[in-house]
Amino acid sequence: MTKPLDGIKIIDFTHVQAGPACTQLLAWFGADVIKVERPGSGDVTRNQLRDIPDADALYFTMLNSNKKSLTLDTKKPEGKEVLEKLIRESDVLVENFGPGALDRMGFSWERLNELNPKMIVASVKGFSDGHHYDDLKVYENVAQCAGGAASTTGFWDGPPTISAAALGDSNTGMHLAIGILTALLGRDKTGKGQKVAVSMQDSVLNLCRVKLRDQQRLERVGYLEEYPQYPHGEFGDVVPRGGNAGGGGQPGWVLKCKGWETDSNAYIYFTIQGHAWEPICKALGKPEWIDDPAYKTAEARQPHIFEIFKTIEGWLADKTKFEAVDILRKFDIPCAPVLTMKELANDPSLRASGTIVEVPHSKRGSYLTVGSPIKFSDMKPEVTASPLLGEHTDEVLASLGYSKQDIFNLREVKAV
Ligand code: CAO
């Protein structure tokens with residue numbers, strides 16, 4: 001099956017999560033992604049949190065599927081020469097080294113653009129160029145703090161909190177993928193490559209857009225009516241942490257279901273969508289609430305929203321999270337069970353849709369990963385195993401015109 005990105009060659013100079021998540025996505029969609037790794041060690045995640053001795057860790061295999069691996073010491077002249085050849089015939093170079101590392105290696109944007117003016121050079125950094133923190137190295141949680149997610153996540157009486165979702169890493173990789181595809185379309189028009197840069201701070205902030213909305217509302221009116229602090233608590237001059245409150249105009253909360261005493265995930269998320277008040281009352285067996293002035297409008301409900309949630313928890317007490325959702329869905333109430341990783345891994349719908357996939361791997365046996373969350377009518381992205389370190393070195397070097405003897409010589413100087 002031909003794929004939309006067939007024929008697009010990508011030098012994948014990425015490591016850890018943010019960059020690899022981007023190039024993996026592009027590889028699923030058909031790009032020829034060649035991961036350039038340091039001989040002997042490779043991407044640090046190959047060794048991180050290993051669950052099987054001597055086999056690539058899941059951290060690596062789940063972010064590097066569908067790629068080739070070329071080992072190359074790009075600090076040695078022989079390695080630089082190979083990289084230059086690759087640059088001349090590639091469409092995109094993606095990197096997420098620490099600030100200045102590519103320049104120190106001798107591959108500044110100017111040099112790359114000189115080697116191949118049509119090539120797109122895509123970078124992830126912690127902070128954007130020119131930012132007063134642009135010299136900092138950044139990991140996921142650092143970015144969540146710098147991008148506004150941590151100060152607005154968690155409970156008001158607890159510390160700033162990190163989300164388990166990779167808002168700093170994979171999210172930034174997704175932003176970068178959009179940037180690369182945009183630059184590729186742009187190149188079709190202009191014939192020129194360009195530099196595409198995404199910072200982790202900016203990508204987190206982009207997802208915290210509604211919190212910046214709330215900051216401005218707070219400054220104007222002094223309160224935020226959908227937050228648990230309203231109307232009984234105090235508001236300061238910054239957006240507070242709102243616990244599990246809904247982020248839009250629809251109040252919601254995580255509510256206990258049958259078995260919560262022993263199962264820490266026996267909960268559902270329940271949303272009180274304004275116009276769904278009548279079906280909610282019917283579902284809960286509380287028809288008297290429908291026209292009661294203390295409950296009828298969102299404004300009337302808000303002062304005692306937690307008393308309403310308590311009543312709903314009473315209704316949930318003899319229902320499992322799945323039974324509860326099965327009832328509530330009939331009333332068109334936006335809700336979901338709080339699902340564990342175990343439940344997601346075994347979810348037949350996610351298996352059928354290709355969102356959870358089992359991938360055979362020569363060293364590990366098969367492992368589970370998250371497949372493409374983007375579905376197409378004319379293409380089903382297939383997930384293939386991540387490469388072993390240097391698995392495709394000979395193949396890539398041969399494609400660049402190196403003879404068997406050249407390849408042997410490169411190995412002798414340990415440039416590959
Ligand atoms: N051959 C020779 N040298 C290589 C090489 C290769 N194939 N690949 C990488 N290197 C070298 C680089 O040139 C660099 O060397 P110098 O620092 O001497 O110039 C070094 O390896 C890599 O440096 P680094 O700063 O990228 O790595 P680190 O482990 O110290 O930092 C990280 C990791 C992630 C904090 C940093 O890369 C970073 O801030 N990246 C940008 C933000 C980012 O993407 N963070 C998300 C990571 S996912 O959580």
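From a predicted model like this one, the values you see are computed outputs, not experimental measurements.

## Let's talk about the site of the ligand
What surrounds the ligand is a group of 24 residues, the closest being Arg38, Gly98, Lys137, Val138 and Asp169. At a separation of 2.9 Å, an oxygen atom of the ligand approaches a polar side-chain atom of Asn96. One of the backbone N or O atoms of Phe97 is found 3.4 Å from a nitrogen atom in the ligand. Here the ligand, which alone exposes 950 Å², has 84% of that area covered by the protein. For the shell around the ligand, the class distribution of residues is 10 nonpolar, six polar and eight charged.

## Considerations on the sheet that holds strand β4 (residues 92–95)
Spatially, six strands are ordered β3-β2-β1-β4-β5-β6 in an open sheet, and the strand pairing comes out parallel. Edge positions in the sheet fall to β3 (68–71) and β6 (195–199), since each has one partner strand and no second. Across the sheet, the mean angle from the axis of one strand to that of its neighbour is 20°, orientation sign disregarded. Relative to β6, strand β5 (residues 120–125) is paired through five bridges, and the arrangement is parallel. By the bridge assignment for β6, Ser123 is matched with Ala197. Packing of helix α8 (residues 200–207) onto the sheet brings it into contact with β5 and β6, and relative to β6 it is tilted by some 65°.

## Observations concerning unusual backbone geometry
Each neighbour pair has its own omega, and for Tyr230 with Pro231 the value is 0°, a cis peptide bond. Residue position: Pro231 is located in the loop between α9 (209–221) and β7 (252–256). At Val16, a position not held by glycine, the phi torsion is positive, near 60°. In this structure, Val16 sits in the loop between β1 (9–13) and α1 (18–28). Exposure remark for Val16: the relative accessible area of 11% places this residue in the buried category. The phi torsion at Leu49 lies on the positive side, around 60°, for a residue other than glycine. Summarising the element assignment, Leu49 is placed in the loop between β2 (32–37) and α2 (58–61). Overall, the relative accessible area of 76% leaves Leu49 in the exposed class.

## Examining the pairing of β5
Buried residues dominate β5, accounting for five of its six residues. Two elements, β4 and β5, share four bridges in a ladder whose sense is parallel. When the sheet's bridge partners are listed, Leu93 is paired in β5 with Val121.

## Quick look at the environment of Ala345
You can see Ala345 is positioned in helix α14 (residues 341–345). Exposure remark for Ala345: the relative accessible area of 17% places this residue in the buried category. Spatially, the C-alpha atoms of Ala345 and Thr355 are 9.7 Å apart, while their sequence positions differ by 10 residues. What Ala345 contacts, discounting residues up to four positions off in sequence, is Arg351, Ile356 and Leu368.

## A look at helix α10 (residues 277–284)
Buried residues of α10: Trp277, Ile280, Cys281, Ala283 and Leu284, and no others. Buried residues in α10, looked at end-on, bunch into an arc of 160°, giving them a common side. Where the residues of α10 are buried, they touch β8 (267–271), α11 (298–301), α12 (305–316) and α13 (321–328). Following α10 by one or two positions, Gly285 adopts a phi angle in the positive range, close to 70°.

## Quick notes on the state of the cysteines
All told, the structure shown has zero disulfides when counted by the stated rule. With no disulfide of its own, Cys257 has Cys335 as its nearest cysteine by sulfur position, at a separation of 9.5 Å. By relative accessible area, which is 0% here, Cys257 ends up buried. Not engaged in a disulfide, the cysteine Cys281 finds its nearest cysteine sulfur in Cys335; these two sulfurs lie 15 Å apart. Residue classification places Cys281 among the buried positions, given a relative accessible area of 0%.

## A few points about α12
A turn of α-helix holds 3.6 residues, and therefore any two residues three or four places apart point the same way. With 12 residues, α12 ought to run about 16 Å at 1.5 Å a step, and its terminal C-alpha atoms sit 16 Å apart, in line with that. Those residues of α12 lying buried are Ile305, Ile308, Phe309, Ile312, Glu313, Trp315 and Leu316. The buried residues of α12 occupy an angular sector of 155° when projected down its axis, which confines them to one face.

## Let's talk about the nonpolar core
Within the largest apolar cluster, 37 residues are counted, with the highest numbers of intra-cluster contacts made by Ile10, Leu26, Val92, Val94, Leu176 and Ile180. For this core, the secondary-structure elements that each account for two or more residues are α1, β4, β5, α7 (170–190), β6, α8 and β10 (356–359). Per-element tally for this core: the top contributor is α1, with six residues. Beyond its immediate chain neighbours, meaning those up to four positions away, Val94 contacts Ile10, Ile11, Asp12, Phe13, Thr14, Cys22, Thr23, Ala122, Leu176 and Ile180. The next biggest cluster of nonpolar side chains, apart from the first, holds 28 residues, and it includes Phe97, Ala101, Leu102 and Leu397.

## Here's the deal with the environment of Val142
Looking at the element boundaries, Val142 is found in helix α6 (residues 140–146). When the C-alpha positions of Val142 and Ile162 are compared, they lie 9.3 Å apart, and in sequence the two are 20 residues distant.

## As for the UniProt feature "active site" (unreviewed entry) in the protein chain
The positions that UniProt labels "active site" (unreviewed entry) are, in the present scheme, Asp169. The buried category is assigned to Asp169, whose relative accessible area is 7%.

## Let's talk about a positive patch on the surface
Taken together, the side chains of Arg38, Lys75, Arg104 and Lys137 make up a positively charged region of the molecular surface. In this fold, Arg104 is placed in helix α4 (residues 101–104).

What counts as what
Residues numbered from 1 in each chain as written. Predicted model: local features only at pLDDT ≥ 70, side-chain atom pairs only at ≥ 80, totals over all residues. Heavy atoms only, no water. Near = heavy atom within 4 Å. Polar contact = N/O pair within 3.5 Å; in protein donor to acceptor, adjacent residues only side chain to side chain. Areas by Shrake-Rupley, 256 points an atom, 1.4 Å probe, with all protein chains shown as cover. Nonpolar A, V, L, I, M, F, W, Y, C, P; charged D, E, K, R; others polar. Pairing = 2+ DSSP bridges. Helix = DSSP H or I, 4+ residues; strand = E, 2+ residues; numbered from the N terminus. Axes fitted to C-alpha atoms, helices over the stretch in contact; angles between N-to-C directions. Contact = heavy atoms within 4.5 Å. Buried < 20%, exposed > 50% of the residue type's maximum accessible area, 1.4 Å probe, protein only. Arc of directions from axis to C-beta. Disulfide = S-S within 2.5 Å. Expected span 1.5 Å × (residues − 1). Core = buried A, V, L, I, M, F, W, Y, C linked by side-chain atoms within 4.5 Å. UniProt positions renumbered as here; feature names shortened; annotations may be inferred. Patch = residues over 30% accessible without salt bridge, like charges linked within 9 Å, V, L, I, M, F, W, Y side chains within 5 Å. Salt bridge = Lys/Arg side-chain N within 4 Å of Asp/Glu carboxyl O. Lys, Arg positive; Asp, Glu negative; His and termini not counted. Charge placed at Lys NZ, Arg CZ, Asp CG, Glu CD.

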